[in-house]
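So you can see what is in the structure, the chains are spelled out below.
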Amino acid sequence: MAGYTGMASRAARLLGLAVAGGCMAGCTVLAPMPKPASLADRLAAFPIRSLPLEHRVNIYWNEHQIPFVEADSDDDAAFALGLVHAHLRLGQMGLVRMLAQGRLSEMVGPIGLDVDRGLRTLSFSRAAAEIERQMDDRSRRWTQRFVDGINHYLAIAGELPHEFRVLGLSREPWTVADVLTIGRLAGTDVNWLVWASLLPLRDRSDWPELWARLVRHGSASLPSFDGDAKTAGLHELLGGLGRSGSNSLALGPVRTSTGGSIIANDPHLGILVPNVWLIAGVKSPSYHVVGLMGPGLPIFAIGRNPHIAWGGTNMRAASSDLLDVSGLPASEISERQERIAVRWWFDEEITVRETPHGPVLSEVPILSEYDLPPIALRWTGHRASDEIGSMLAASRAREFTEFRAAFEGFAVPGQNMLYADDQGNIGQVMAVQLPLRTTSPRDMILELEAAGVDWNAMQSAEDLPFSLNPESGYLASANNRPSTAGMPVGFFFSSDDRVRRMAEVVESETPVDLGTVMALQRDVQMASAVALRDLFVARLDVAGLTAAVTGDAAEAIRRMREWDGHYRPESVGAVSFEQFRDGFVRAFYPLAFGEEKGVELAAVGRMAALLPADVTSASAQAVRGALAAGLEAAATGLHAYTDWADMHRLELAHPLASAPLIGERYRFAEHGVGGSSDTLMKTAHDSSSQRHRVRYGANARHISDLTDLDANYFVLLGGQDGWLNSTTMLDQWPLWRDGTYVRMPLSLEAVREHFPHKLVLDNKGAGRDAAPAAVSSD
C-alpha cells in the first residue's frame, strides 16, 4: 500500500532515474529544451481553421494565457475546451494518462515495473467501461466532444511538448475511458496514506491499543455543522479534537461587508510545474462558468456561474476497506493476465488476482516486505459512479436544491462541497457514496464479514446531512469532520488548526471584506504549534534546564518563548521551535518506548497528534532526555538559518527535475516561504531541523463576491502554460507570493475588455491563415 499512496512522488523519482539512464544510452532524453515562447508565439500555435464545429467559436485570452470560450453550442464549447487543455497541458496530460493506466514502464523502462504491477492491480480503469455505459446522453456527449478537441489538437500539432520526446510518448488518441480513468486517479482515497504509514507497526504487541487511539483521535475532529440545517455555528462548537488538505469558506450576508455572500477556496495538492490546475471560462447555451479545471478533465471542480459559486475540501471519507481474504474459497478468486510494455527492455506479463470484494494487493512487489495475509481492497472507486455528470450538473445549478441534487451520483473522492449564491444563501453538501457504517474499525485489516460495515447499503448525498444558512452565518471546511449527525463517515480527519483559525478570524473581524478573505488565504498562524511550544517550555522549566543553560541554548529557548505561533518568512522563533521539536521527537519515542519500537513511532506523522498525551504519561527520565536532545538541536542550528524562509523552501520544478544528470534544467525557481503543515497557507513539510522543501500545499486560490458577476479572483502557484520556457509558465508565481489575483469576469462585456487577445475558431476554410490574422484585440 505504501507504493500506491506515494505514486506521484515515486513516479517523479523514477522518471528522473530513467532519464539519467536514457542519457547514458544516448536516447531522446537529451532533447533540447524548447526555445523561449512569448504569448504571441503560443497563441500562434493554436489551431483556428477547418475545425469540426457547428459555428464559429471565440476564445478570449488574457496576458496570463487564461482563456474564456464563447460558443453558440455546448458541443462547440466542449470541443474548444478540449483544444485549450491540449494546447496548454498536453505533455502533462500524456504523462498522467500513462500513470493512471499503469504504463510508467513505457516511459521510464524496467525501473518502473514494480510501480506498474501495483497500478495494474489497483486498476483505476476498473469501472471506466461501466461508468461510460451509465452516463446520461448530455454528460457523455460533452465528454466526447471534449475528447474530440484533444484528439484534433494532438493530430495536427506541428511541434509536440518536450515531454513527448523525453518520455517517448506518441500521438495516441484519447478516449472517454481515458478521461474517466484519470478521474479515478484523482479520486484516490487519501486514507491509503494513513494505512501506508501505519503498516510497519501492525506487528507490534501494542498495535490494537495504538490503532484504537489513532482512530479515536482522528475521528474527533471539529465538525463544520451539526447536521441540523438550522444550527451549525462553529463558534458554539470550538471544543473538538482532530487530525491535512484544502480550505473552503462560505460567508453569508450577516458576515460580509458587501451585504451578499462570499466564497473562498484554496486547494492543497502537490507543488509541481506545471500546476495541477488550469484556469478557464466558458459561455455556451447550458454553461456559463469560470473556475479551476484539472488538465484532461472536462469539469470545473471549483468555480462560479451567474447564480452560484462552489468549492470543496477532501472529506477524508471512509471509502475503502482492507479485507483479509485468506479464508476465501479458491473458486472465488479469479486471475487475469496483463502485459506491461517496457521501454528499452523486454515486455513483461503479470498475473492479477481478483476477488468479489476487490483486487488482491498483498502479492505485489511493493508490499512484499511486510508479513501480510492475503488482503483485498474494497474501494468505492471500483464501482460505477458519475463524478463528471455531477460536476456538470452543479455548474448548471441556479439554487441550493439543484446543487445538492447534482451530487447524488458523486462518489470519489468524497468532498465537503461548499456553496454560496447571489441571493445570500450559503450551504454545505457531503458529496460521496459510502457503505453504511455503525462503528469504528477494530483494525486496519478487517475480517470479510466485518461488524458495523454494510457495502450493500450505500449512502449518498441525498441520505447524508447537509447545512443551509446556519445561524452562525458562515461555513468553514478544512478536511475536518463534516457533521456530528448521522453515521461515521471517516476516521482520520485533519488537525483542527485551519478550521479553528477560519472561525476565529471570521468571528473577530465581522463584517468581513474581500481584503480580509484574501489575507486569510495567506494566514500562517498555527495554534497547535503554540500549545506544543508551551508544553516544551513548561517542561524545560520543570526539569530545571531553562535555568541551567546559557549561550545558544538559552537564546533558542528565548526565541521559542517569544514566538507568537506565526510561521512568517522572517520568523526566527519558528526556526528554533521546529528544530527543537524535531530533536525532541526523534529522541522521545525511542527513550519512552524502546529503541526499535520508538524509532518506528517517531517516523509516523500521525503520532504528532498523540505527542502531548504521550509526554504526559512518559517517565520523567524519558522526557528529560528528549528535552536535552531538542535543546541540542535548537542550539546547534541557532545560526544555521537567518529566518524561517531561509530554512523552509519552496521549489518550482518539473517531475523530470529528479534526473541526476540533467535534472537541474527542470528546476525553475526556489524561494523561501512562510506557512507550515497546518497553517491556512499550507506549505507542508517533513519534520526536520535542517533546510527542507515544501512537499505540498496551497497551489491555487479562488474568491468570488456573489454581489458582483465579475468579482471572481483566481491565482495559480506557478502559471497557466505547461509548455516549457513559455513566458506564462511561471508568471503567476509573484502574484501567489504577494497575495494578488487574476480577475476572471463572467460578463462578456468585461471579458472582452480584460481579455484582449481574441482567436476566432473557424468551422470552414481549406487551410490555416497566418496566425496574426486570427489574433485581435477587442
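Scroll up to find the structure.
Residues numbered from 1 in each chain as written. Predicted model: local features only at pLDDT ≥ 70, side-chain atom pairs only at ≥ 80, totals over all residues. Heavy atoms only, no water.

A.B. asks: Before we move on, can you summarise the sheet that holds strand S22 (residues 648-653) with the specific residues and values?
C.D. replies: The pairing of strands in a sheet comes from backbone hydrogen bonds and takes either a parallel or an antiparallel form. The sheet built from three strands is open, its strands ordered S23-S22-S25 with mixed pairing. The open sheet is flanked by strand S23 (667-672) and strand S25 (692-693), the only strands paired with a single partner. As defined by bridge partners, S22 adjoins S25 across two bridges and the pair is classed as parallel. Paired with His 648 across the strands is His 692, a residue of S25. (Pairing = 2+ DSSP bridges. Helix = DSSP H or I, 4+ residues; strand = E, 2+ residues; numbered from the N terminus.)

A.B. asks: Pulling in residues and values, what's your account of the packing of helix H17 (residues 527-542) against helix H19 (residues 551-562)?
C.D. replies: Relative to each other, H17 and H19 sit at 140 degrees, their axes nearing to 10 Å. Relative to H19, the element H17 lies oblique. Once H17 is placed against H19, the crossing between them reads as left-handed. Touching Arg 533, Val 537, Leu 540 and Asp 541 of H17 are Ile 557, Met 560, Arg 561 and Glu 562, all from H19. Of the residues that constitute the contact of H17 with H19, the class distribution is four nonpolar, no polar and four charged. (Axes fitted to C-alpha atoms, helices over the stretch in contact; angles between N-to-C directions. Parallel < 35°, antiparallel > 145°, perpendicular 65-115°, else oblique. Left-handed = near helix turned anticlockwise from the far one by under 90°. Contact = heavy atoms within 4.5 Å. Nonpolar A, V, L, I, M, F, W, Y, C, P; charged D, E, K, R; others polar.)

A.B. asks: If you had to explain the pattern of salt bridges to someone new, which residues and values would you point to?
C.D. replies: By the definition in use, this model includes 44 salt bridges. Measuring nitrogen to oxygen at the nearest pair gives 3.6 Å for the salt bridge that ties Arg 56 to Asp 762. In this structure, Glu 387 engages Arg 184 in a salt bridge whose closest nitrogen and oxygen atoms are separated by 2.9 Å. The burial state of Glu 387 is the same as that of Arg 184; both residues are buried. One connected set of salt bridges, linked through shared partners, spans Arg 649, Glu 651, Glu 664, Arg 667, Glu 670 and Arg 693. (Salt bridge = Lys/Arg side-chain N within 4 Å of Asp/Glu carboxyl O. Buried < 20%, exposed > 50% of the residue type's maximum accessible area, 1.4 Å probe, protein only.)

A.B. asks: Break down the nonpolar core for me, citing the residues and quoting the values.
C.D. replies: Membership of the largest hydrophobic core comes to 211 residues, with the highest contact counts inside it found for Phe 403, Phe 407, Phe 584 and Leu 761. In this view, Phe 403 contacts Ile 308, Trp 310, Ala 394, Ala 397, Met 417, Leu 418, Tyr 419 and Val 429; residues no more than four positions away in its chain are not counted. In this structure, Met 315, Ala 317, Ile 426 and Leu 706 belong to the second largest nonpolar core, which totals 18 residues. (Core = buried A, V, L, I, M, F, W, Y, C linked by side-chain atoms within 4.5 Å.)

A.B. asks: Can you explain unusual backbone geometry? Please cite residues and give values.
C.D. replies: Peptide bonds are trans in most cases, and residues, glycine excluded, mostly fall at negative phi. Residue Pro 274 is reached from Val 273 by a cis peptide bond, and omega for that bond is 0 degrees. Cis rather than trans, the peptide bond between Thr 510 and Pro 511 has omega equal to 0 degrees. Phi angles above zero are rare outside glycine, and Ser 123 is one such case at about 55 degrees. Checked against the element boundaries, Ser 123 lands in the loop between helix H6 (113-122) and helix H7 (128-134). Exposure remark for Ser 123: the relative accessible area of 11% places this residue in the buried category. Backbone geometry at Trp 344 places phi at a positive 65 degrees, although glycine is not the residue there. Tracing the sequence through the fold places Trp 344 in the loop between strand S11 (334-340) and strand S12 (348-355). Take Trp 344: its relative accessible area is 37%, and that puts it in the partly exposed class.

A.B. asks: Quick one: what's the story with the packing of aromatic side chains, residue by residue and with numbers?
C.D. replies: On inspection of all chains with the given rule, the structure shows 25 aromatic pairs. When the centroid spacing of 5.6 Å and the interplanar angle of 40 degrees are considered together, the rings of Trp 207 and Trp 211 count as tilted. Separated by four residues within a single helix, Trp 207 and Trp 211 lie in helix H12 (residues 207-219), roughly one turn from each other. The buried category is assigned to Trp 207, whose relative accessible area is 4%. Under the relative-accessibility criterion, Trp 211 is labelled buried at 3%. A centroid spacing of 4.8 Å and a plane angle of 50 degrees characterise the contact between Phe 536 and Phe 584, whose relative ring orientation is tilted. Pair noted here: Phe 536 is in helix H17 and Phe 584 is in helix H20 (residues 573-593), with a separation of 48 residues, a long-range link. A residue is classified by how much of its surface remains accessible, and Phe 584, at 1% relative accessible area, is buried. (Phe/Tyr/Trp six-rings, centres within 6.5 Å; stacked < 30°, edge-to-face > 60°.)

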